[in-house]
Amino acid sequence: MGRVIAILLLLVAIGVSATGAFVVDPDEQAIVLQFGAFVREVKEPGLYFKVPFLQQLRRFDRRIVEWDGNPRQITTLEKQIVFIDTYARWRIVEVLPFYESVRDQMGAQGRLDDIIDASTRDVVSRNNLIEMVRNSSRPLVAAEAVASALGGVVLDTPTLGRTKIEGLILQTARKEVARLGIELLDVRIKRVNYIEGVQAKVFERMQAERKQRAAMLRSEGEARAQEIAGEREKEMRRIQSEAYRKAQEIQGRADAEASSIYAQAYSRDPALYDLVKTLETLEYGLATGSVVVLSPKSPLFKLLQEPPGR
Amino acid sequence: MAAVPLIALLVVGGLLVGTSLYSIDSAEVGVVLRFGRVVRQEPPGLHLKAPLGIEEVRVVAVQHVYKEEFGFRTKQADVRTTYDEGDYLEESLMLTGDLNMVKVEWSVQYRIKDPVAYLFQARNVVGNIRYGSESVMRKVVGDASFDEVITKGDELAVAVHQELQTLVDDYKLGIEIQLLKMQHVVPPPKVLEAFNEVNEAQQESEKLVNQALQSYNEVVPAEKGRAEALVKTSEGYAIERVNRARGDADRFLSLLAEYQKAPEVTRSRLYLESMARLLPQLEKKYIVDERGATLLPIGSFGGGPAAAPER
């Protein structure tokens, strides 16, 4: 009988100690408390035991947790108001201070809101907008139209740039956060935007600049088209007049040569030429069917009046 | 009551089998934890693990390509994909390096390459990817001018892809960015019309110039052709003129040679031959004395009464 009781007691003891067993997963870390007082922390995954009923277990995330801030209106150094939306990543490195200061993740997010917001404001208000937008000092063609819409915003090459700004915010926030057992891994700018009123002005300016450009393109096109038309006319006249000139030249030379040939031939006997030409003219000049009045003295009628051979 | 131990055995057996047999689908990996510690990864198939919660399996889809969209949402992917009507401007409107504004829509495709890291490094992997993507895209766009962003979208995408992968590796998320694709890179909606106007103006301008050039290219060569023709015609005239002259001159010189042999005879002959050709052509011939008293019609030679002229 005693043996049965002993076995039963053993089973109960095992059972009870089993309730003190707990597993810590790779994404967890935990602390063991005894009546609210810290006993030990568990950082590595595995199987562990605590005193059942007397000791409590509090689990925490071992993973990297993300924090996303609400977009905030902040004024930059040159008095430009912008929306800045940041996010950060953090994790719990010292569990007890974490538990004691913020209790849990929700509490931590709330504290981070304040801390990171404050350091963001601090850094942003000390810098010009361009520092939060650009990342390198590579030269860009800047649009003056935009600058004038933004009222005195500075468009010089940045000295810090986005990455360094993010680094500064991180530095400032990190110190505050260490007390909470938190390690802040990074703070990054998720979004930077103009506020409504400024956005509208920037759009207006962009539109105006584009309309101007459109008008300029059109008039440039027209001017060039006119120019080409003028060229065309000029070329036409040039071709025509040169052709005329050449033609005249050629004809003139030919006429001169012909004249010379005639003159050379006919001057050998001008009288003969006279006769031949006159006869030709008479033949071809008097058209068929004309009426002609002849004098009886005409040499044609010589034989009519006098027999030949005298 | 032998049935009771049998039933108990069956129940225990069932429990044991139920908590130790498991299967992994293709394209998945099973990460096995024993008492909270990662001990092995199992490929697809049927496997055994220690029962009753001693070992635990977490399944991760490693081949699956996940997609995150920014500035737009696909409603239904199909042969013709449809998109959500909303504008998601908070995600897509951003500042450029010259402080203009631009609208960028893009998507990120990734897959899990390290299941253990994916499971246990970060609490919200998708959140990390989304925040990281927006942050990197805006950083890259913010360092380029508006014109650069609009015209060199593809180069930008490459830069963003690289930087995002670096970020994701720094964060040890255990994922691999497979594709970063720019869906649209356009001027903000409110100024889009003005931008299109510039394109239209450019086209109109080019059209005007092309028309002018075309006119030039039609008219000028034609005119050149005409000019050529004119010159050729006058060349023809010239040749004809000179040849005629030569011909006439030669004829005269031949005649001259003959004439010089017998001048008087040649003269008379020429005269009479001419008249013989000429007079028949004439309709009416009147022979009138120079004192011009009477007009006596003779008629043609060889016909009609002849009248003796008054003396």
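Residues numbered from 1 in each chain as written. Chains lettered and ligands numbered in written order. Predicted model: local features only at pLDDT ≥ 70, side-chain atom pairs only at ≥ 80, totals over all residues. Heavy atoms only, no water.

S.K.: So what's going on with the overall build of chain A? Which residues, and what values?
M.R.: Helix and strand counts for chain A stand at nine helices and 10 strands. At 57 Å, chain A has a C-alpha radius of gyration far larger than the 19 Å of a compact globule built from 310 residues. Out of the 310 residues belonging to chain A, those deemed buried represent 42%. Long-range contacts, defined here as pairs at least 24 residues apart, represent 67% of the contacts in chain A between residues at least 6 apart. For chain A, the exposed area adds up to about 17,200 Å²; of that, 56% sits on carbon and sulfur atoms. For chain A, the distance from the average site of its 45 positive side-chain charges to the average site of its 42 negative ones is 3 Å. (Helix = DSSP H or I, 4+ residues; strand = E, 2+ residues; numbered from the N terminus. Rg over C-alpha atoms; globule rule 2.2 N^0.38 Å. Buried < 20%, exposed > 50% of the residue type's maximum accessible area, 1.4 Å probe, protein only. Contact = heavy atoms within 4.5 Å. Areas by Shrake-Rupley, 256 points an atom, 1.4 Å probe, with all protein chains shown as cover. Lys, Arg positive; Asp, Glu negative; His and termini not counted. Charge placed at Lys NZ, Arg CZ, Asp CG, Glu CD.)

S.K.: Describe the packing of helix H8 (residues 270-285) of chain A against helix H8 (residues 263-278) of chain B, and please don't skip the residues or the numbers.
M.R.: At a closest axis distance of 9 Å, the pairing of H8 of chain A and H8 of chain B adopts a crossing angle of 10°. For the element pair H8 of chain A / H8 of chain B, the angle class is roughly parallel. From H8 of chain A, Ala271, Leu272, Leu275, Val276, Leu279, Leu282 and Glu283 of chain A reach across to H8 of chain B, where they touch Arg267, Leu270, Tyr271, Ser274, Met275, Arg277 and Leu278 of chain B. (Axes fitted to C-alpha atoms, helices over the stretch in contact; angles between N-to-C directions. Parallel < 35°, antiparallel > 145°, perpendicular 65-115°, else oblique.)

S.K.: Quick one: what's the story with the pairing of strand S8 (residues 81-92) of chain A, residue by residue and with numbers?
M.R.: Residues and elements named next belong to chain A. With nine of its 12 residues buried, S8 lies for the most part within the structure. Where strand S6 (residues 65-68) lies against S8, four bridges are found, and the strand directions are antiparallel. Bridge pairing links Trp67 to Ala88 in S8. Two elements, strand S7 (residues 72-75) and S8, share four bridges in a ladder whose sense is antiparallel. Among the inter-strand pairings, Arg72 is bridged to a residue of S8, identified as Ile84. Between S7 and the antiparallel strand that follows it, S8, lie five residues; Lys79 among them carries a positive phi value of about 70°. Bridging between S8 and strand S9 (residues 182-194) involves 11 bridges; their strand directions are antiparallel. By the bridge assignment for S9, Thr86 is matched with Ile189. (Pairing = 2+ DSSP bridges.)

S.K.: Which residues make up the interface of chain B and chain A, and what are the values?
M.R.: Taken together, the 101 residues of chain B in the interface contact 109 residues of chain A. Buried surface at the junction of chain B and chain A, both sides included, amounts to about 9,700 Å², of which 64% is carbon and sulfur. If you look at where chain B meets chain A, you find 13 salt bridges. Ionic pairing is found between Lys139 of chain B and Glu166 of chain A, a salt bridge with its closest N-O pair at 3.2 Å. In this structure, the connection of chain B to chain A is made through 39 residue pairs in polar contact (both at pLDDT 80 or more). Residue contributions to the side of chain B that touches chain A peak at 40 residues, all from helix H7 (residues 189-261) of chain B. Class assignment for the residues of the side of chain B that touches chain A results in 53 nonpolar, 17 polar and 31 charged. (Buried area = accessible area lost by both parts, 1.4 Å probe. Salt bridge = Lys/Arg side-chain N within 4 Å of Asp/Glu carboxyl O. Polar contact = N/O pair within 3.5 Å; in protein donor to acceptor, adjacent residues only side chain to side chain. Nonpolar A, V, L, I, M, F, W, Y, C, P; charged D, E, K, R; others polar.)

S.K.: An account of the pattern of salt bridges is requested, with residue identities and associated values reported.
M.R.: Following the criterion strictly, the structure yields 50 salt bridges over all chains and no others. Note that Glu56 of chain B is salt-bridged to Arg58 of chain B, the shortest N-O span being 2.9 Å. Exposure remark for Glu56 of chain B: the relative accessible area of 33% places this residue in the partly exposed category. Salt bridges sharing common partners tie together Asp25, Asp27, Asp61 and Arg63 of chain A together with Glu56 and Arg58 of chain B.

S.K.: I'd like a rundown of the sheet that holds strand S2 (residues 28-34) of chain A, residues and numbers included.
M.R.: Residue and element names in this part refer to chain A. Reading across the sheet, the three strands line up as S3-S2-S5 and stay open at both edges, with antiparallel pairing between neighbours. Two strands close off the open sheet at either side, each with one partner strand: strand S3 (37-42) and strand S5 (55-61). On average, each strand axis in the sheet is tilted by 25° relative to the strand beside it, whichever way the strands run. Where S2 meets S3, five bridges bridge the pair, whose relative direction is antiparallel. Paired with Ile31 across the two strands is Glu41, which belongs to S3.

S.K.: Run through the side chain of Ser205 of chain B, naming residues and quoting values.
M.R.: One can find Ser205 of chain B in helix H7. On the accessibility criterion, Ser205 of chain B (11% relative accessible area) is buried. Side-chain polar atoms of Ser205 of chain B contact the backbone oxygen of Leu217 of chain A, separated by 3.3 Å. The residues touching Ser205 of chain B, leaving out its near neighbours within four places in the chain, are Leu217 and Gly221 of chain A.

S.K.: I'd like a rundown of the packing of aromatic side chains, residues and numbers included.
M.R.: The final tally for this structure, using the stated rule, is 13 aromatic pairs over all chains. Ring plane angle 5° and centroid distance 4.6 Å describe the contact between Phe70 of chain B and Trp106 of chain B, whose orientation is recorded as stacked. You can see Phe70 of chain B sitting in strand S6 (residues 66-70) and its partner Trp106 of chain B sitting in strand S10 (residues 101-112), a full 36 residues away along the chain. The buried category is assigned to Phe70 of chain B, whose relative accessible area is 0%. In this structure Trp106 of chain B comes out as buried when scored by relative accessible area, which is 0%. The side chain of Arg103 of chain A reaches across the aromatic face of Tyr99 of chain A, ending 4.3 Å from its centre. Between Arg130 of chain B and the ring centre of Phe70 of chain B, over which it is positioned, the NZ or CZ distance is 4.2 Å. (Phe/Tyr/Trp six-rings, centres within 6.5 Å; stacked < 30°, edge-to-face > 60°. Lys NZ or Arg CZ within 6 Å of the ring centre and 35° of its normal.)

S.K.: Just give me the short version of the sheet that holds strand S2 (residues 28-34) of chain B, but keep the residues and values in it.
M.R.: Residue and element names in this part refer to chain B. With antiparallel pairing, three strands are arranged side by side in an open sheet as S3-S2-S5. Across the chains shown, the open sheet's two edge strands, defined by having one partner strand only, are strand S3 (37-42) and strand S5 (55-61). Put simply, the sheet's adjacent strands are angled 25° from each other on average, direction ignored. Direction of pairing for S2 relative to S3: antiparallel, over a ladder of five bridges. Its bridge partner being in S3, Leu33 is matched across the sheet by Val38.

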